[in-house]
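Residue-level structural notes
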Amino acid sequence: MAAKILDGKQIAVQMREELKGRIAGLAQRGIRPGLAVILVGDDPASKSYVTAKEKACEEVGIYSSDNRLVAATTESELLGLIERFNQDPKIHGILVQLPLPKHINEERILNAICPEKDVDGFHPVNVGRMVIGQRCFLPCTPHGVVQMLVRSGVVLEGAEVVIVGRSNIVGKPLANLLIQKSRFGNATVTVCHTKTRNLAEHVRRADIVIAAAGCPRTITADMVKEGAVVIDVGVNRVEDASAKNGYRLVGDVDFEAVRQKASMITPVPGGVGPMTITMLLYNTVESAERAAEFR
Ligand code: GUN
């Protein structure tokens with residue numbers, strides 16, 4: 001039987017409705033959550049992500065400050081802008097879209113964002129807090145994946161999870177979240193990567209497969225156990241002469257074949273993507289609420 005398609009858009013709509021309620025609660029106290037979005041350069045994929053993030057803010061009632069800087073922006077100019085937003089009480093979240101141009105040191109930039117406004121969850125303080133289970137901002141894509149699994153009724157406790165990919169943005173944080181002693185964790189996690197000796201052997205054992213390798217067809221049907229849950233975090237542009245812009249988006253999973261074996265599967269687009277943006281909104285609202293507690 002073909003897998004149930006996990007509809008990220010639908011879960012995202014439900015979560016955004018919950019957020020609207022919290023935003024209304026803040027409005028009664030005279031607070032509007034604010035997010036500063038910073039994009040340096042004109043990478044087309046980054047531009048479309050940033051536009052989608054700003055549009056999502058507007059839809060739920062978060063103020064967004066749109067900062068599009070030329071590729072030649074210096075590191076010290078960018079640091080200056082971040083410092084201004086660190087000090088600005090109307091801004092509760094700061095997001096610097098990655099990747100940055102090569103002449104800018106990414107680590108220095110991420111470290112400059114005040115951890116209390118780091119709604120991407122990339123600052124080492126938030127990463128450290130996440131690892132030891134303290135209150136922090138969770139990175140949006142891993143948190144979105146966990147929300148999607150839990151809200152779809154997938155049992156994490158004791159599950160064999162195989163993550164394919166070890167990036168700082170997805171693979172590593174996801175592994176950390178899923179091993180936490182909490183209702184959003186308690187899984188047994190294996191992380192595979194480019195030096196893993198027999199990828200198929202690992203993936204075949206998995207109750208839950210999470211593909212975050214950044215390469216089409218990394219996960220094929222022969223690798224997937226009958227009835228497994230398959231989450232596809234990949235977003236890859238592949239040439240397609242029949243598409244109006246000359247390309248289409250595919251994930252890391254051979255979707256049509258794998259859906260015949262899996263019990264649940266996420267599509268690309270329309271799976272994890274809408275959840276990532278929703279978790280950014282979630283963190284921004286959370287940050288505004290925390291700031292309000294201190295007033
Ligand atoms: N580039 C790719 N994914 C992300 C993300 O989640 N946040 C930011 N800031 N940049 C990204």
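The structure we're discussing is the one just above.
All figures in this text were calculated on a predicted structure; none of them were measured in a lab.

1. What to know about the packing of helix 6 (residues 140–151) against helix 7 (residues 171–179)
- Running from N to C, helix 6 and helix 7 point in directions that differ by 40°, and their axes come no closer than 8 Å. Relative to helix 7, the element helix 6 is oriented oblique. Our pair here, helix 6 against helix 7, has a crossing hand that is right-handed. Residue-level inspection shows Pro142, His143, Val145 and Val146 of helix 6 in contact with helix 7, the latter providing Pro173, Leu174, Leu177 and Leu178.

2. Things to note about the pattern of salt bridges
- Inspection of every chain in the model, using the stated rule, returns 16 salt bridges.
- Lys20 is the partner of Glu17 in a salt bridge, and the nearest nitrogen-oxygen pair spans 3.1 Å. Pair noted here: Glu17 and Lys20 are both in helix 1 (residues 8–28), with a separation of 3 residues, about one helical turn.
- Overall, Glu17 belongs to the partly exposed group, its relative accessible area being 44%.
- The shortest N-O distance in the salt bridge between Arg129 and Glu116 comes to 3.9 Å. Taken together, the positions of Arg129 in helix 5 (residues 124–131) and Glu116 in the loop between helix 4 (106–112) and helix 5 put the pair 13 residues apart, joining distant regions of the chain.
- Residue Arg129 is classed as partly exposed on the basis of its relative accessible area of 26%.
- Taking relative accessible area as the criterion, Glu116 reaches 46% and is therefore assigned partly exposed.

3. Brief notes about the sheet that holds strand 2 (residues 34–40)
- Read from one edge to the other, the open sheet built from 3 strands follows the order 3-2-4, with strand pairing classed as parallel. Both outer strands of the open sheet, strand 3 (63–69) and strand 4 (93–96), are each paired with one neighbouring strand and no more. Strand-to-strand, the axes of this sheet are offset by a mean angle of 15°, without reference to chain direction.
- The pairing of strand 2 with strand 4 spans 4 bridges and is parallel. Across the sheet, residue Leu35 finds its bridge partner in strand 4, namely Gly93.
- Across the sheet, helix 3 (residues 75–87) lies against strand 2, strand 3 and strand 4, angled at about 175° from strand 2, the strand it touches most.

4. Here we look at the packing of aromatic side chains
- Evaluated as defined, the whole model comprises 0 aromatic pairs.
- For the cation-ring pair, Arg22 lies above Tyr282, with the distance from its terminal atom to the ring centre recorded as 5.2 Å.

5. A closer look at the pairing of strand 2
- Burial runs high along strand 2: 7 of the 7 residues are buried.
- Burial along strand 2 is two-sided: the residues Gly34, Ala36, Ile38 and Val40 and Leu35, Val37 and Leu39 are all buried.
- Looking at chain direction, strand 2 and strand 3 are connected through 7 bridges and run parallel. Bridge pairing in strand 3 links Ile38 to Asn67.
- Once you follow strand 2 into helix 2 (residues 44–60) and on to strand 3, the crossover reads as right-handed.

Basis of the calculations
- Residues numbered from 1 in each chain as written.
- Predicted model: local features only at pLDDT ≥ 70, side-chain atom pairs only at ≥ 80, totals over all residues.
- Heavy atoms only, no water.
- Axes fitted to C-alpha atoms, helices over the stretch in contact; angles between N-to-C directions.
- Helix = DSSP H or I, 4+ residues; strand = E, 2+ residues; numbered from the N terminus.
- Parallel < 35°, antiparallel > 145°, perpendicular 65-115°, else oblique.
- Left-handed = near helix turned anticlockwise from the far one by under 90°.
- Contact = heavy atoms within 4.5 Å.
- Salt bridge = Lys/Arg side-chain N within 4 Å of Asp/Glu carboxyl O.
- Buried < 20%, exposed > 50% of the residue type's maximum accessible area, 1.4 Å probe, protein only.
- Pairing = 2+ DSSP bridges.
- Phe/Tyr/Trp six-rings, centres within 6.5 Å; stacked < 30°, edge-to-face > 60°.
- Lys NZ or Arg CZ within 6 Å of the ring centre and 35° of its normal.
- Right-handed = clockwise from strand over helix to strand, strands pointing away.

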